[in-house]
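Per-entry structural report
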Amino acid sequence: SHPLGWFFLCNKQKVNLSLPKLHLLESKTKLMSFPTRELRESNADAEMANEWLGGWNFNPLPIELYPSTGLVMSSEDGNPIYVGFVWTSNSGMAQIGFVTRNPFYKTKLPKDTRKQFLHDLKEYAHSLGYPYVITWTENKNLIGDFVELGFRETSNRVSELINYKL
C-alpha cells in the first residue's frame, strides 16, 4: 500500500462542479474518534512528514512546499499516527495532499482510523471556507476511503508533475 496520499480529481470528462455535496458516510456511520490538532506554526510537522516519507522510502519535499494548514492525528497514547496537508487558494477550492501514516508506529490501528482522518481533513478544509476540496492518490485504499467520504473520481490516469525554477 502506497503511504503517500494524492487523489487527483482531474477533468477526463466534463464534471458539473455544482454537484451537491455528499455526506453519505457521516450520516450512516459513526466513525471512531482519535484526537487531531492543526499543524504547528513551526516547521516541525513538515519535518516529521519528511521523516515519515523517508521511512516509506520516498523522497522528502522541500520544507517550503508544505502549507501551514493541515492536521495531525494522534493515537490514544499521544503518538502522531497520520499527517495531512491542506493547500488553500483564492478560489473556492482547497487541496488535500501528502496524507502520510507514521511508518514507525507499530501498534495496530482500528479499521477506520485512516478514513476518520480523511474525514477530519475534509471537514477541516470546509471549515476554512472552501466549498470544494480536491485531492489525488495512487493508493487504492485512500481512493476507496475518499469515494466513501463523498469525493467523486473523475480520472484514474494521472501523472504527478512538478516544476522548480532554479
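Residues numbered from 1 in each chain as written. Predicted model: local features only at pLDDT ≥ 70, side-chain atom pairs only at ≥ 80, totals over all residues. Heavy atoms only, no water.

The next thing to look at is the packing of helix 3 (residues 113-127) against helix 4 (residues 140-148). Each packed pair of helices is defined by two parameters, the angle between the axes and the distance between the axes. Remark: helix 3 packs on helix 4, axes separated minimally by 10 Å, with the N-to-C direction vectors making an angle of 55°. With respect to their mutual orientation, helix 3 and helix 4 come out oblique. Considering only the axes of helix 3 and helix 4, their crossing is right-handed. Where helix 3 abuts helix 4, its residues Arg114, Lys115 and Leu118 lie against Asn141, Leu142, Asp145, Phe146 and Glu148. (Axes fitted to C-alpha atoms, helices over the stretch in contact; angles between N-to-C directions. Helix = DSSP H or I, 4+ residues; strand = E, 2+ residues; numbered from the N terminus. Parallel < 35°, antiparallel > 145°, perpendicular 65-115°, else oblique. Left-handed = near helix turned anticlockwise from the far one by under 90°. Contact = heavy atoms within 4.5 Å.)

This paragraph deals with the pattern of salt bridges. Using the criterion set out here, one finds 6 salt bridges in the structure. A salt bridge links Arg40 to Asp45; the shortest N-O distance between them is 3.7 Å. One salt bridge connects Lys115 with Asp112, and the closest N-O pair in it is separated by 3.9 Å. With relative accessibility at 8%, the residue Lys115 sits in the buried group. For Asp112, a relative accessible area of 22% corresponds to the partly exposed category. A single salt-bridge network, built from bridges that share partners, covers Arg37, Arg40 and Asp45. (Salt bridge = Lys/Arg side-chain N within 4 Å of Asp/Glu carboxyl O. Buried < 20%, exposed > 50% of the residue type's maximum accessible area, 1.4 Å probe, protein only.)

This part takes up the nonpolar core. Burial of nonpolar side chains together is a common tendency in soluble globular proteins. Formed by 22 residues in total, the largest nonpolar core has its most connected members in Val86, Ile96, Val99, Phe117 and Leu121. Looking at this core, the element that brings in the most residues is helix 3, giving 5 residues. Grouped together as the second largest cluster of nonpolar side chains are 12 residues, Met48, Leu53, Leu61 and Val72 included. (Core = buried A, V, L, I, M, F, W, Y, C linked by side-chain atoms within 4.5 Å.)

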